[in-house]
Amino acid sequence: MMNADLLISVPYTWVLALSGVLLAIGILGVLLRRNAITIFLSLEIMLNSGTLAFAAFAMHFAAIPGMEATALNGQMFIFFIIAIAAAEAAVGLALFIALHRLKGSIDVDRANILRW
Amino acid sequence: MLFVPSSSDFLAILPEIILTVSAAALLLFSISARPFKRYVGEITLFIIVVAGWARLTFPLPGKVWGGTIQIDAVSSFVDLYILAAVFVCVWSAGPFLRRAEYEHTEFYSLLLLATVGAMVMASAVDALPLFLGLELLSLPLYALTAFLKRTSISLEAGLKYFVVGAFASAFVVYGLALLYGATGTTNLVAMGHAVRAMDGLNPLLALGLAGVVGGFAFKLALFPFHSWAPDVWQGSPTPVTAFLSVVPKGAVLIALFRLVDGMDLLILSSRWLIVGSILAIGSQFLGNFAAIVQRDIKRMLAYSGIAHMGYAMVAVIVAGLDGGTGVLVYMSAYTLMNIGAFAVVAFFSIDEGEAHLISDLQAQGWHRPIPALALTICLFSLAGIPPLFGFTAKFMVFGAAVNGGFVWLAVIGVVNSLVSAFCYLRVVYVMYMKPESSIATEFSPSFTLTAAAALTAVGVFVIGLYPTPILTAARVAALNLVR
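Residues numbered from 1 in each chain as written. Chains lettered and ligands numbered in written order. Predicted model: local features only at pLDDT ≥ 70, side-chain atom pairs only at ≥ 80, totals over all residues. Heavy atoms only, no water.

**A word on the overall build of chain A**
Okay, so step 1: When helices and strands are counted, chain A shows 4 helices and 0 strands.
Okay, so step 2: Put simply, chain A runs from its N terminus to its C terminus through helices and strands in the order α-α-α-α.
Okay, so step 3: Counting across all 116 residues of chain A, residues that qualify as buried make up 39%.
Okay, so step 4: Expressed as a percentage of contacts within chain A between residues at least 6 apart in sequence, the contacts between residues at least 24 apart total 61%.
Okay, so step 5: Approximately 6,600 Å² of chain A is accessible, and the part contributed by carbon and sulfur atoms is 70%. (Helix = DSSP H or I, 4+ residues; strand = E, 2+ residues; numbered from the N terminus. Buried < 20%, exposed > 50% of the residue type's maximum accessible area, 1.4 Å probe, protein only. Contact = heavy atoms within 4.5 Å. Areas by Shrake-Rupley, 256 points an atom, 1.4 Å probe, with all protein chains shown as cover.)

Right, here's the structure in full:
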């Protein structure tokens, strides 16, 4: 059983810091990795760090009397981001499957015809 | 407070509803009714005209849907140039897809959905529809870029666009989250009020703005974030390149302007002027100088597009009523002349997997006089030569810069226009200045593409001679755009 008091006692800045760390992990993953699936997962981590940042601020506003509506606005945003992330996954995976069919590999370095 | 949508809410977004429902219906019918597939291009054109008619006919009620979307003169101005661009894209896509043997209804359906995204984004006054519009615009475009999925160049362009686009979207989301945290609202107008009430930027606000502006700069292909653009423009099917060269830019730039003007960034922080002018001037120099050395015409137009976004950024920096008018006029001019140029490029292409070399256009001025003349007019207009529409638009933007006290921005812009004339005139030189007898590549004629190109070229010319109606409409719209 989870202790509700414990959950609330986590300061929102910690959640925000976690979202910042996730964003950094995502950015590094996109920039450093060469496997398309890993890049794609890093992109999803980046999007979800945004979700977590919204959740953190919503948590902060929910604790302030009179700002409950603002908190709800932020929480509503989260659902839309999750839906968008799913749609993005569909398009991205379709592209990777097409790449694999054409080249037999999902190493993004193989996609290098377009230069200067 | 519970929000219950009324009939006026639905009526206000009728064009968007028409386009969305038709996009779904097109997919459905293409499965069930085979003979219908042959006319899908014509049906799409009809749908676009109906959507434009709906925007013109029904009243513009201002804020609807609980104050998240604002349907006013800005929406009608932006929607009409977006719909005009999509009309020419769809018109020129028919012969193109037939030639490439990729006639699929999904093409038109995705194009319509992306159009809805752009229209929503241009009317959004809340962070949520802004983000949803951006994604609805981007996701179909990733698929469209890779539409020729057995051609590795197109697939590669799609892959690059997807990775860069999703990267930029993630920054926009994170930036919006930070702005929400800093101001306590998702409404852009309320956000602007909250920010103007603060004295200076706090770190949270600065980071949030950096995320949103950076993400938008990625989408606009502005200078430090431009490197994806030439690859994607070259690799995409030509009608898709035409679409993604104008429609996303028109919508994103309006959203960026709303944000910048609403927060009054110029007064708020001296750093914005530095950041904004690096984006603007860097794009102009990079775009124009890199365009000179290109051998592929689509790549050359990509660099020229980067430079043009640099000019439009000048109007965003100036902000206020002059800047707003400048942005609207510039985007409508850029849309018209670029879409015309790409219709001609679609005419002068044989195999989508090959490069569209400028040298292939040799002596086409005599062999295919009408498309060559249309391309010449569009390129002259892009270079800003009077009396064409492109000159009027540049005049508005640089005039706004001078009035706003940014003479140096105007001077740099004019110098860049002169440099840019070189790369456009090079194409015209190749088309006309070689002797008539020299060997020309044989391009198969297409009445549709010729007509589309000729129509836009005539538009560029006529509006350039008589710009008053467009300027007045832009002025009226700008009154709603600024705070």
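Having put the structure on the table, let's press on.
**Things to note about the pattern of salt bridges**
Residue and element names in this part refer to chain B.
Okay, so step 1: In total, this model carries 6 salt bridges over all chains according to the counting rule given.
Okay, so step 2: Its salt-bridge partner being arginine 55, residue aspartate 79 comes within 2.8 Å of it at the nearest N-O pair. Pair noted here: aspartate 79 is in helix α4 (residues 73-100) and arginine 55 is in helix α3 (residues 40-57), with a separation of 24 residues, a long-range link.
Okay, so step 3: For aspartate 79, a relative accessible area of 0% corresponds to the buried category. (Salt bridge = Lys/Arg side-chain N within 4 Å of Asp/Glu carboxyl O.)

**Observations concerning the interface of chain A and chain B**
Okay, so step 1: With 46 residues of chain A in contact, the opposing surface of chain B contributes 43 residues.
Okay, so step 2: Buried surface at the junction of chain A and chain B, both sides included, amounts to about 3,800 Å², of which 82% is carbon and sulfur.
Okay, so step 3: On the surface where chain A and chain B come into contact, there are 0 salt bridges.
Okay, so step 4: For the side of chain A that touches chain B, the secondary-structure elements that each account for two or more residues are α2 (12-32), α3 (36-62) and α4 (68-103) of chain A.
Okay, so step 5: A per-element tally of the side of chain A that touches chain B places α4(A) first, with 19 residues.
Okay, so step 6: Residue composition of the side of chain A that touches chain B, grouped by class: 34 nonpolar, 9 polar and 3 charged. (Buried area = accessible area lost by both parts, 1.4 Å probe. Nonpolar A, V, L, I, M, F, W, Y, C, P; charged D, E, K, R; others polar.)

In short, the description is geometric, and any link to function would need to be established separately.
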